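A structural walkthrough
Spelled out from the first residue to the last, the chains are:
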Amino acid sequence: MNKNQGMVYLVGAGPGDPGLITVKGLDCIKKADLIIYDRLACARLTAFAHPEAELVYVGKSPEQHSLKQVEINRLLVEKAAKGKTVTRLKGGDPFVFGRGGEEAEALWQAGIPFEVVPGITSAIAAPAYAGIPVTHRDYTSVVAIITGNEDPLKENSAIPWEKLSTGAGTLVFLMGMANLNKITERLIANGRHPQTPVALVRWGTRPEQRTLVGTLEDISLKADQSAFANPAVIIVGEVVSLREKLNWFEKKPLFGKRVLVTRSSEQAGTLSAAIGALGGESLEFPTISVAEPEDYTSLDNAIKNLHDFSVIIFTSVNGVKSFFKRLRHQGKDIREMGSARICAIGPKTKGELENSGLLVDYVPEEYRAEKVIEELRGKVGPGTKVLLPRADIARKVLPDALAAMGADVSEVTAYRTAMGGGDAPVLKEMFKHKEIDMVTFTSSSTVRNFIKMLDTTGLKDLLKDVTVACIGPITAGTARDMGLNVDVVADNYTIEGLIEAVLKFYGWENK
Ligand code: SAH
């Protein structure tokens, strides 16, 4: 193969839940020089693109005309011919009513190498997330996926209605909402029983998912009454009745909630995973990034004299990571810690220390500086040498109080918190369209940076209907001081505590 020749990956982005991209698909997003995408489902995934990758949106939007298919084909060929790695991201599966076949043909014709990375089609995923298996041994062994775009009353239809209506146990129509009435009439006219169950699933796999169930006879009226619109799949067949037992997703505690996670991307994982496991969708908007200190002098001095300290207090995972990174950089390891007693604030910090091979002597029961000080009384006294490796902007409460107890405190900067890389314009749009239900803050700096990054005078208005959840009273205080209405404050100042408080807020206590 010509080395300078580009490559096109036709990639299925899945139906909407960002977790439903394939491993291979994600890899294609990461390695692309150019990503051509056309669906909202895809927009979220472009966050994984290389920072220098070019992103081209070719879908429909109110502000912008969509590119015609021939123009898209031309663009694919043209860019790949220049040696680019092009990832063509399409909703669902590229070959299921995605015109991926036509794009592949154009590439074949131009002699451009391409690969197809199948995606999870909405035809199967939307029913699955509504608790409807498209096949089931007790119900049907045949499923047909049909376009609902074609006017069912048209003569010389491309759809063999008389065969399909009773020929396949399960019928899944895409793009069919505008023709729903005609589709159901046509199926009945061709022999399908009017009482056959039908489900409509809108925005399947996303927090906006809605499901409407009826029969061939009444679903059209029901849809009109509830203004049920696109994008939706129509599922016709006895399998729909299984939803009564199998409706798993819509019953999850955080179903329907899109929750903003403002922590640094390195730290967002636990919270995001917990939200996902509870049926919510997490949206990461990093307000913080961890950077090296501008000046290593104080940390280096502390490391040089590590044996002098009798207590070392770590207050965060980042503090632990940065400290040990620097220790290794100095050609040293945990043996330098000598006989100092190690104190960790919070279980995650403790875990990180243990990962580094250290046992933690002491974890205070509560994780707020004020409480920690109370608990440290007796363990720290006049002259005790205490090392406190922390962030550049950490609060002074802890070192001040330790000093007041007579301790000799060395507060050193182990890392610096910088602004995160969240995409503020996109987030603002999402707030405007009411696509975000809750914002979570896990420290005062996440609040401050969030407000700085959004940089808008109408912030309060923008967040009017958004629930604000804070990890503890200090963070909540900062949020209130900055003009936000705080709805949820965790009693237990950990991620688990925050999740617990969020569940309680939504009425899921002890369920
Ligand atoms: N290639 C896509 C289908 C593109 S056609 C796939 O495999 O899923 C567009 C149609 O797909 C929409 O009109 C709608 O019927 C359906 N669709 C796409 N995403 C959907 C979703 N999240 N929920 C319900 N229907 C969806």
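Look above for the structure.
First, a word on what this report is: a plain description of the structure on this page. Note that the structure is predicted; figures quoted are calculated from it, not measured.

Moving on to the overall build of the protein. Helices and strands together make up the secondary structure of the protein, namely 20 helices and 20 strands. Over its C-alpha atoms, taken along the principal directions, the protein stretches across nearly 95 × 60 × 50 Å. Counting all 511 residues of the protein, 51% fall into the buried class. When the accessible surface of the protein is totalled, it reaches about 24300 Å², and 50% of it is carbon and sulfur.

This paragraph deals with the site of the ligand. Lining the immediate environment of the ligand, one finds 17 residues, of which Val96, Thr121, Ser122, Gly204 and Ala232 sit closest. Within the contact set of the ligand, a nitrogen atom lies 2.7 Å away from a backbone nitrogen or oxygen of Val96. Ser122 places a side-chain nitrogen or oxygen 2.7 Å from an oxygen atom of the ligand. Compared with its free state, where it exposes 540 Å², the ligand has 92% of that area covered by protein. The class makeup of the residues in the shell around the ligand is ten nonpolar, five polar and two charged. Taken domain by domain, the shell around the ligand gets at least three of its residues from each of domain 1 (7–119) and domain 2 (124–251).

Burial of the side chains of strand β11 (residues 258–261) extends over both faces: Arg258 and Leu260 are buried on one face and Val259 and Val261 on the other. Taken together, the four bridges between β11 and strand β12 (residues 281–284) define a ladder with parallel strand orientation. The residue bridging Val261 from the neighbouring strand is Glu284, located in β12. Between the parallel elements β11 and β12, the chain passes through helix α10 (residues 268–277) in a crossover that is right-handed.

Formed by 25 residues in total, the largest nonpolar core has its most connected members in Leu260, Leu427, Phe431, Phe441, Phe450 and Leu484. Of all the elements in the fold, those that place two or more residues in this core are α16 (424–432), β18 (438–441), α17 (444–454), α18 (459–462), β19 (467–470) and α19 (473–481). The element that contributes the greatest number of residues to this core is α17, accounting for five residues. Setting aside its immediate chain neighbours within four residues, Phe441 contacts Thr262, Thr446, Val447, Phe450, Val468, Ala469, Cys470, Ile471, Thr475 and Leu484. The next biggest cluster of nonpolar side chains, apart from the first, holds 24 residues, and it includes Ile303, Phe309, Val320 and Ile342.

Here the residue pair Asn230 and Pro231 is connected by a cis peptide bond, since its omega of -10 degrees sits within 30 degrees of zero. For Phe97, which is not a glycine, the phi torsion comes out positive at approximately 45 degrees. Here Phe97 lies in the loop between β4 (85–90) and α4 (100–110). Exposure remark for Phe97: the relative accessible area of 42% places this residue in the partly exposed category. Positioned with a positive phi, Ala227 is a non-glycine residue whose angle comes to about 50 degrees. Structurally, Ala227 is set in the loop between α8 (219–225) and β10 (232–236). Looking at Ala227, the relative accessible area reads 61%, which means it is exposed.

On to the sheet that holds strand β1 (residues 7–12), then. Judged by pairing direction, the sheet is parallel, and its five strands sit side by side in the order β3-β2-β4-β1-β5 without closing on themselves. One side of each edge strand has no neighbouring strand; the edge strands of this open sheet are β3 (54–57) and β5 (114–117). Each strand of the sheet is rotated relative to its neighbour by a mean of 15 degrees, with strand direction disregarded. Of the strands in this sheet, β1, β2 (34–37), β3 and β4 are in contact with helix α3 (residues 69–81), which crosses β4 at around 155 degrees.

Attention shifts here to the environment of Glu250. Its location among the elements puts Glu250 in the loop between α9 (243–246) and β11. Through-space distance from the C-alpha of Glu250 to that of Pro207 is 9.1 Å; in sequence the pair is 43 residues apart. Dropping the residues within four chain positions of it, Glu250 is found in contact with Tyr129, Ala130, Gln209, Thr211, Arg243 and Phe255. A distance of 2.7 Å separates polar atoms of two side chains, one belonging to Glu250 and the other to Gln209. Among the polar contacts listed, one links the side chain of Glu250 to the side chain of Arg243, at a separation of 2.9 Å.

Basis of the calculations
- Residues numbered from 1 in each chain as written.
- Predicted model: local features only at pLDDT ≥ 70, side-chain atom pairs only at ≥ 80, totals over all residues.
- Heavy atoms only, no water.
- Helix = DSSP H or I, 4+ residues; strand = E, 2+ residues; numbered from the N terminus.
- Buried < 20%, exposed > 50% of the residue type's maximum accessible area, 1.4 Å probe, protein only.
- Areas by Shrake-Rupley, 256 points an atom, 1.4 Å probe, with all protein chains shown as cover.
- Near = heavy atom within 4 Å.
- Polar contact = N/O pair within 3.5 Å; in protein donor to acceptor, adjacent residues only side chain to side chain.
- Nonpolar A, V, L, I, M, F, W, Y, C, P; charged D, E, K, R; others polar.
- Domains from an automatic or database assignment.
- Pairing = 2+ DSSP bridges.
- Right-handed = clockwise from strand over helix to strand, strands pointing away.
- Core = buried A, V, L, I, M, F, W, Y, C linked by side-chain atoms within 4.5 Å.
- Contact = heavy atoms within 4.5 Å.
- Axes fitted to C-alpha atoms, helices over the stretch in contact; angles between N-to-C directions.

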